[in-house]
Amino acid sequence: MALTFDKDQNDTIAAIATGMSEAGIGIVRISGPHAAGIIRRIYRTKSGKEMTSWKPNTIHYGKIIDPESGETIDEVLVSWMEAPHSYTTENTAEVNTHGGTYVIHRVLDAVLRAGARMAEPGEFTKRAFLGGRMDLSEAGAVMDLIQSQNEFARKVSLAQLEGSVSGKVKELRSSILYEIAYIESALDDPENYSLDGYPEQLEKKCESILSELQAVLRRSENGKVLQEGIRTVIIGKPNAGKSSLLNRLAGEERAIVTPVAGTTRDTLEETVRLGDLTLCVTDTAGIRKTEDPVEKIGVERARKAMETAQLFLFVLDTSAGITQEDRQIAQMIEEELTTGRHCIVLLNKSDLPVQVEEEEVQKLWKTRKMECLSLSALENTGLDELRSKIEELFHLGELASSTELFVTDDFQKSALRETIRSLELVIQSIENGMSEDFFSIDLRNAYASLGRMIGEEVEDDLVEEIFSRFCLGK
């Protein structure tokens, strides 16, 4: 891998590695060849002495001083790690301060004035990657783990961080490399390496690898639902209880609720947790014919939100009976229900006398039977049943308990698709009776595409793009 630091390798970088909030502890991370000299300029022991030497993997209690005035900024603990036994594989100091935002910024300022450069987003992890501590799939998993919103996302990210992707990729690359080497050897030395019957053997090998990679891609596309959240639209006529449902899902009063129909004039978006599920919920304006220009815009935006939804929560007011507006909405939803999209009909206001039975609700649909659940958004009942039904529709229980390989980053999926395409071309060449040279070309492309997943075959600009999405201090 011919990647090098795009900055001067003598740079020593620093950043705040903890959240920007009032907390018990804040950490300033310093990494690079001059980390020892920088920390020496601003650290004093409790008795005021300068530290002249630092033993690897030790923690020191003392204080941070202003490098110019000598004023004490804070009492701290400094952790010292020497290359290559650190996160970045470089000399690293971590200053543990009291967690006030002003205090930690004062400490960072002292570090920068002592000679460090402000780190770019993801630069610590980038240095870990370039230093060989982790490959690209493991580095990407670091940020995925930080951003995980549920148990599934945490498990997948942690598995990648521990090498689940790189292990499988290296295994498959080794298998492909063997075939490339055999073809090249046979072409160069046909007396000792026979190609009789080889195309058939190679086809079986490629089909096996192809089947495995296609399964990974399928699981990963489905797993994206669990990792990023299900795009969910709450839809229904005015005053059916949509906003009350959103408030119950969010656990707070996010939407205005009144007895007046048409209160919601615009879409309202909220990310909510329902058990281990993450729902990216859009509450929409009640769909009906209206002359109000503002409400018209809200209705149009509701229709627009339906186009990208993976799950429709159709809220029916069971205390009011089925109206023409309900029938129109049902027809709109049915037209949108392509493969992979689902609808749950929520029979709301079950706390009131019920005027609508499920049998009558099913007559709204021409081509399918819908999932129906009774609930009361007012009394907060039925949400556990809703969670269970969503898990069932999206097969989330199977995904969450699966120990199979998942990939998450878009660049990984792109590389996976390129590998699949190259292997398909190998099989196509074999079936068309083409020469072994063509097999080798596409096998090499498959080998290179797999390498991009772990950083073995990757351009500098792609590395920059991947690490640019990291937070500061990581």
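Since we're looking at a predicted model, the values are computed, not measured. (Residues numbered from 1 in each chain as written. Predicted model: local features only at pLDDT ≥ 70, side-chain atom pairs only at ≥ 80, totals over all residues. Heavy atoms only, no water.)

Colleague: What exactly am I supposed to notice about the side chain of K237 here?
Modeller: Its location among the elements puts K237 in the loop between β8 (230-235) and α8 (242-250). At 3.3 Å, the side chain of K237 and the side chain of D326 are in polar contact. (Helix = DSSP H or I, 4+ residues; strand = E, 2+ residues; numbered from the N terminus. Polar contact = N/O pair within 3.5 Å; in protein donor to acceptor, adjacent residues only side chain to side chain.)

Colleague: Would you mind going over the environment of A448 with me for this structure?
Modeller: For A448, the location among the structural elements is in helix α15 (residues 436-454). Among the residues examined, A448 registers a relative accessible area of 18% and is labelled buried. Distance from A448 to T419, taken between C-alpha atoms, is 8.2 Å for residues 29 residues apart in sequence. (Buried < 20%, exposed > 50% of the residue type's maximum accessible area, 1.4 Å probe, protein only.)

Colleague: Teacher, can you tell me more about the packing of aromatic side chains here?
Modeller: How two aromatic rings sit relative to each other is given by the distance of their centres and the angle of their planes. With the rule as written, the count across this model stands at four aromatic pairs. Geometrically, the ring pair formed by Y43 and W54 is tilted, given 5.4 Å between the ring centres and 55° between the ring planes. Of this pair, Y43 sits in strand β3 (residues 43-45) while W54 sits in the loop between β3 and β4 (58-65), and the two are 11 residues apart along the sequence. Classification of W54 as buried rests on a relative accessible area of 8%. Chaining the aromatic ring pairs together yields one cluster made of Y43, W54 and W80. (Phe/Tyr/Trp six-rings, centres within 6.5 Å; stacked < 30°, edge-to-face > 60°.)

Colleague: Help me out: how do you make sense of the environment of C280 in this one?
Modeller: Position of C280 relative to the elements: it lies in strand β10 (residues 277-283). Measuring from C-alpha to C-alpha, the distance between C280 and Q310 comes to 9.9 Å, with 30 residues separating the pair along the chain. Residues in contact with C280, not counting those within four places in the same chain, are E228, G229, I230, R231, T232, E270 and T271. (Contact = heavy atoms within 4.5 Å.)

Colleague: Looking at this model, I keep getting lost on the confidence of the model for the chain. Mind explaining?
Modeller: Close inspection of predicted coordinates is inappropriate in any region flagged by low pLDDT. Residues of the chain with pLDDT of at least 70 account for 81%, and the chain-wide mean is 80. No element of the chain has a lower mean pLDDT than helix α13 (residues 396-401), at 60, and none a higher one than strand β5 (residues 72-81), at 95. Low pLDDT, under 50, characterises residues 254-266; the stretch is placed with 40 contacts to residues that sit more than four places away or in other chains. (pLDDT = per-residue confidence, 0-100.)

Colleague: Got a minute to help me understand the packing of helix α14 (residues 410-431) against α15 in this structure?
Modeller: In contact at an axis separation of 8 Å, α14 and α15 are set at 165° when each is read in the N-to-C sense. Comparing their axes, α15 and α14 come out roughly antiparallel. Judged by the twist between their axes, the crossing of α14 over α15 is left-handed. Where α14 approaches α15, its residues F411, Q412, A415, L416, E418, T419, S422, L423, L425, V426, S429 and I430 are matched on the opposing element by F438, F439, D442, L443, N445, A446, S449, L450, R452 and M453. (Axes fitted to C-alpha atoms, helices over the stretch in contact; angles between N-to-C directions. Parallel < 35°, antiparallel > 145°, perpendicular 65-115°, else oblique. Left-handed = near helix turned anticlockwise from the far one by under 90°.)

Colleague: Can you help me understand the nonpolar core in this one?
Modeller: The nonpolar side chains of a soluble globular protein tend to be buried with one another. Judged by nonpolar contacts, the single largest core of 31 residues is most densely connected at L202, L423, L443 and M453. Mapped onto this core, the elements with two or more residues apiece are α6 (164-188), α7 (198-228), α14 and α15. Looking at this core element by element, the count peaks at eight residues for α7. With 26 residues, the next largest nonpolar core counts A36, M51, V107 and A114 among its residues. (Core = buried A, V, L, I, M, F, W, Y, C linked by side-chain atoms within 4.5 Å.)

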